[in-house]
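# Report on the structure
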Amino acid sequence: TWESGGNTVVTGSGVTLNEGTFANGEQAATLTVANLQQDTSYTCNTVSKTYTHSDSATVVVKVTQNSIGYWSDDVDVTAFEMTTPYEFKAIKSDSALTVSCTCTGSRDLEITWTINGTTTSQNVEIGSYNAGKTGTIELTGVLYDTVLECSTVVDGSKTVSKTINLKVIKFTESLPGTKFVRLDEVITLSCSISWDDTRSLTASPTWQHNSSDVATGVENSNTASVYTSTLSLTVVWTSAGLYKCSFSVSGTDADGTLTLDSDDSEIIIQNIVAKKRLVYAEKGTAAILECTTVGEDGVTIIWSKDGTSLSGNTTSYNSTTNSLTGTLTLTQVDSSDSGAYICESSASTNVKDNITLNVYETSGDSVHVLAGNPTTLTCRVSGISQAAIIRWYDGVDIQIMTDITGGDAAGFNSTSSTHSSTLSVAAAATAEYSCEVELSDHTKKQVSLNVHVFTLERGHVEVEAGSPATVTCGIQSSTTDTYSVTWQQGNTIIDSGSSGYATTSTGSEYMLSMDNLSTDSLFYCIVQSTQYPASSSGNTTVSASVYEIIGISTEVKVGSAATITCKTTGSEGGVSVTWESGGNTVATGSGITLNEGTFINGEQVATLTVANLQQDTSYTCNTVSKTYTHSDSATVVVKANVFEIIGISAEVKVGSVATITCKTTGSEGGVSVTWESGGNTVVTGSGVTLNEGTFANGEQAATLTVANLQQDTSYTCNTVSKTYTHSNPASVVVG
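Treat the numbers as computed from the prediction; the structure is a model and nothing was measured.

### Examining the overall build of the protein
Helices and strands together make up the secondary structure of the protein, namely 0 helices and 63 strands. On the protein, roughly 37600 Å² of surface is accessible, and the fraction owed to carbon and sulfur atoms is 46%.

### Side note on the sheet that holds strand E59 (residues 680-682)
Strands sit in the order E59-E58-E62-E63 across an open sheet of 4 strands; the sheet is antiparallel. Single-partner strands in this sheet number two, and they are E59 and strand E63 (730-734). Each neighbouring strand pair of the sheet contributes to a mean axis angle of 35°, computed without reference to strand direction. Here strand E62 (residues 715-721) runs beside E63; their pairing, made up of 5 bridges, is antiparallel. Bridge pairing in E63 places Thr719 opposite Ala730.

### Describing the nonpolar core
Counting 25 residues, the largest nonpolar core has Ile169, Ile193, Phe247 and Val249 as its most contacted members. When contributions to this core are tallied by element, the ones reaching two or more residues are strand E15 (158-174), strand E17 (186-194), strand E18 (201-209), strand E21 (226-234), strand E22 (241-251), strand E23 (258-261) and strand E24 (265-269).

### What to know about the packing of aromatic side chains
In the structure shown here, the tally under the stated rule is 5 aromatic pairs. Seen in terms of ring centroids, Tyr280 and Tyr360 are 6.3 Å apart; in terms of plane orientation they differ by 75°. Their pairing is edge-to-face. One end of the pair, Tyr280, is in strand E26 (residues 278-282); the other, Tyr360, is in strand E33 (residues 348-365), and 80 residues separate them in sequence. In terms of burial, Tyr280 and Tyr360 fall into one category: buried. Ring geometry for Tyr501 versus Phe523: centroids 6.5 Å apart, planes at 75°, classification edge-to-face.

### Observations regarding the state of the cysteines
Applying the stated rule across the entire model yields 6 disulfides. Residue pairing for Cys473: its cysteine sulfur links by disulfide to Cys525, the two sulfurs lying 2.1 Å apart. Linking Cys473 and Cys525, the disulfide has an S-S dihedral of approximately -85° and is accordingly described as left-handed. Here Cys525 lies in strand E47 (residues 521-529) and Cys473 lies in strand E42 (residues 467-476), a separation of 52 residues in the sequence.

### Side note on the pattern of salt bridges
If you walk through the whole model with that rule in mind, you get 14 salt bridges. Residues Arg391 and Glu436 are paired through a salt bridge, measuring 3.1 Å at the closest nitrogen-oxygen approach. With Arg391 in strand E36 (residues 388-393) and Glu436 in strand E39 (residues 431-438), the pair connects residues that are 45 residues apart, well separated along the chain. Of the residues examined, Arg391 reaches a relative accessible area of 17% and is grouped as buried.

### Things to note about the sheet that holds strand E31 (residues 323-330)
Strands sit in the order E25-E27-E31-E30 across an open sheet of 4 strands; the sheet is antiparallel. Edge positions in the sheet fall to strand E25 (271-274) and strand E30 (313-318), since each of these pairs with one other strand and no more. Neighbour to neighbour, the strand axes of the sheet diverge by 20° on average, direction disregarded.

### Side note on unusual backbone geometry
Although it is not a glycine, Ser211 sits at a positive phi angle of roughly 70°. With respect to the helices and strands, the residue Ser211 is situated in the loop between E18 and strand E19 (212-213). Residue class for Ser211 comes out exposed when judged on its relative accessible area of 66%. The phi dihedral of Asn697 is positive, around 55°, even though this residue is not glycine. Looking at the secondary structure, you find Asn697 in the loop between strand E60 (688-691) and strand E61 (699-706). Owing to a relative accessible area of 81%, Asn697 belongs among the exposed residues under this scheme.

### Considerations on the side chain of Glu438
With respect to the helices and strands, the residue Glu438 is situated in strand E39. Residue class for Glu438 comes out buried when judged on its relative accessible area of 7%. Among the polar contacts listed, one links the side chain of Glu438 to the side chain of Arg391, at a separation of 2.7 Å.

### Re the environment of Val720
You can see Val720 is positioned in strand E62. According to the relative accessible area criterion, Val720 is partly exposed, its value standing at 23%. Val720 sits 164 residues away from Val556 along the chain, and the two C-alpha atoms are 7.9 Å apart. Not counting chain neighbours up to four residues away, the residues in contact with Val720 comprise Gly670, Val671, Ser672, Thr725, Ser727 and Pro729.

### Focus on the confidence of the model for the protein
Averaged over the protein, the pLDDT score is 84; the fraction of residues at 70 or greater is 88%. Counted against residues more than four places away or in other chains, residues 124-131, with its pLDDT under 50, gives 14 contacts. Segment residues 406-415: pLDDT under 50, and 24 contacts once partners within four positions in sequence are set aside and those in other chains are kept.

### Remarks on the side chain of Ser535
Relative to the elements of secondary structure, Ser535 occurs in the loop between E47 and strand E48 (538-552). We classify Ser535 as buried; its relative accessible area is 6%. In terms of polar contacts, Ser535 uses its side chain to reach the backbone amide nitrogen of His368, at 2.7 Å. Setting aside chain neighbours within four positions, we find Ser535 in contact with Ser366, Val367, His368, Val369, Gln528 and Ser529.

### Some thoughts on the environment of Thr569
In this structure, Thr569 sits in strand E50 (residues 562-569). When its relative accessible area of 25% is taken as the criterion, Thr569 is described as partly exposed. The spacing of Thr569 and Val605 is 36 residues in sequence and 9.0 Å in space, taken between C-alpha atoms. Apart from the residues lying within four places of it in its own chain, the contact partners of Thr569 are Tyr547, Glu548, Gly602 and Glu603.

### Some details on the environment of Asp481
Within the secondary structure, Asp481 sits in the loop between E42 and strand E43 (483-489). A distance of 2.6 Å separates polar atoms of two side chains, one belonging to Asp481 and the other to His368. At 3.3 Å, the side chain of Asp481 forms a polar contact with the backbone nitrogen of Gln531.

Conventions and cut-offs
Residues numbered from 1 in each chain as written. Predicted model: local features only at pLDDT ≥ 70, side-chain atom pairs only at ≥ 80, totals over all residues. Heavy atoms only, no water. Helix = DSSP H or I, 4+ residues; strand = E, 2+ residues; numbered from the N terminus. Areas by Shrake-Rupley, 256 points an atom, 1.4 Å probe, with all protein chains shown as cover. Pairing = 2+ DSSP bridges. Axes fitted to C-alpha atoms, helices over the stretch in contact; angles between N-to-C directions. Core = buried A, V, L, I, M, F, W, Y, C linked by side-chain atoms within 4.5 Å. Buried < 20%, exposed > 50% of the residue type's maximum accessible area, 1.4 Å probe, protein only. Phe/Tyr/Trp six-rings, centres within 6.5 Å; stacked < 30°, edge-to-face > 60°. Disulfide = S-S within 2.5 Å. Salt bridge = Lys/Arg side-chain N within 4 Å of Asp/Glu carboxyl O. Polar contact = N/O pair within 3.5 Å; in protein donor to acceptor, adjacent residues only side chain to side chain. Contact = heavy atoms within 4.5 Å. pLDDT = per-residue confidence, 0-100.

Written as structure tokens, this is what we have:
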């Protein structure tokens, strides 16, 4: 039975009673109010049906708006509520949202959660059973609108639940907790909020620096559902301190005005400055890099290059200026040390400065060239990241040219690492020059250069055709040097591997030898300094000429005069002639006359005359070019031979046959015989028969036969050497 306010409650007037059915030891009776208008307490009176005289048992059950109660045999009606501040919740985008649901009372109950209709296993139980039951849920990635429901089951069948429609405003901040910055750095801080764009909300941002509002450097942008505010500033010393951004959100869909605050962001200024951001160091010397940091005490300076930490830093602290200077010393630098160095504060990698180290090297090319030839001097600087100015000076420090290499009008703007300048010399003569290299930091470096010269002495030759010949190329210079000499004929290079040629050298004289020089030839002697490889080569032409030489021997009657000849053709300027015989030099005198002859139209005829030749004699004619006096001599052997001639006369009876004889002995190859009589040549015919005879063993007998000799007649036998046809004739009178 039910009672309320001392009155028995019965079915009717919107109240329905159901005693319930007893099953398995349990029975649930219900009282249903169709239209509950206020909180009402009901007393449930129970008496055992089995033991009717038993005392009744009662329990008070409350029906309350927004709460659902349950029956229990040992507890009172209990409240069930969701604990959130209000339906609008502001969270940071990377934070979790915690929502709690509590059922008051002492009964041990299980609370479950559903998120947008889906049951989740997240359930945390805290507190004492006697103090009640609380379930919490942590939400990440919360949607703008999320329906949460917590529920519990009472007595195995009755469900008690609470639902809330959670509306979220997400808050995002791009503010570091602590940020180390350097002077003049531009930094940007950012905050934004976002919400479901179906709600009508407005947002108002505020920035504060050290609790004072910031009026400048703020830029705001917003869409229907996102509002972003940024603060940009160029760091100065007064920029240090705490920064915070705040949003006030209001609108028809908000419960009042929500204020959203960021965490504090501390900006600490720690400036670091390189003493020189571009440092030049000559190769092989020491390079010193320096950076000074101003700001927090106790920091150190860290050096690195290409991402690799470097050791060797020394530091000194100045407490007056609160500054720390770090020095990195590199000894004997080379090109591998060039590059970008970073000095940074140990407080933050953001506080750093850059230093570019250029390890440079200057050089110049002295030259050793043929005197009078044009030449070029080169001065260069390598390993620099900017252009250079190169000035040229002569030997008495008079500036003769300025060259801005690789740069603009100022001379300091380039992407090339090597710059060079050239000075042209029209006609090489021994001289001293210098170039001055000025770098972009006005470092100056002097480079000395020299022009050395050599001259070439040509050794032309003129030799007998078909004989060996050697031409020479002599180098004269006051400078010690080594040379590379190349011989060339036309476009063909000649070396020791060329057939019929050989190249040799003695000191500074270089020779080209030929096995057999048959025609006039012109060769190039090309000389290149090897000690000064930048030198241009010098060359000269060397000629090798040939001439013909012939000896004209003679064969004459013993005791007569004999003239032999030495004839040259093709010589360029004639030859000098000497004679030898039996290993002795022959000179004019003692019946000998020498005549060198005159050189005309390429020919020269030299003669040797013996006034009274008594025996066969061989002479050697030696010739040497008058034009190229160091040429080898050309020789020819010329013979002066003698023979005997006797006439064998005849005396016969008038009208009979008469034969006379002309006999020669000692001729080398016989003689040609002609006969004369009375100034007329005698020929065979009209009773006269001539027979020249046969040459054998040095003798020859020529005969003239008259068939009918009528009177005394004298005949002259004329003989000329058949071997040496230009010899003078020898005659004898035969009667």
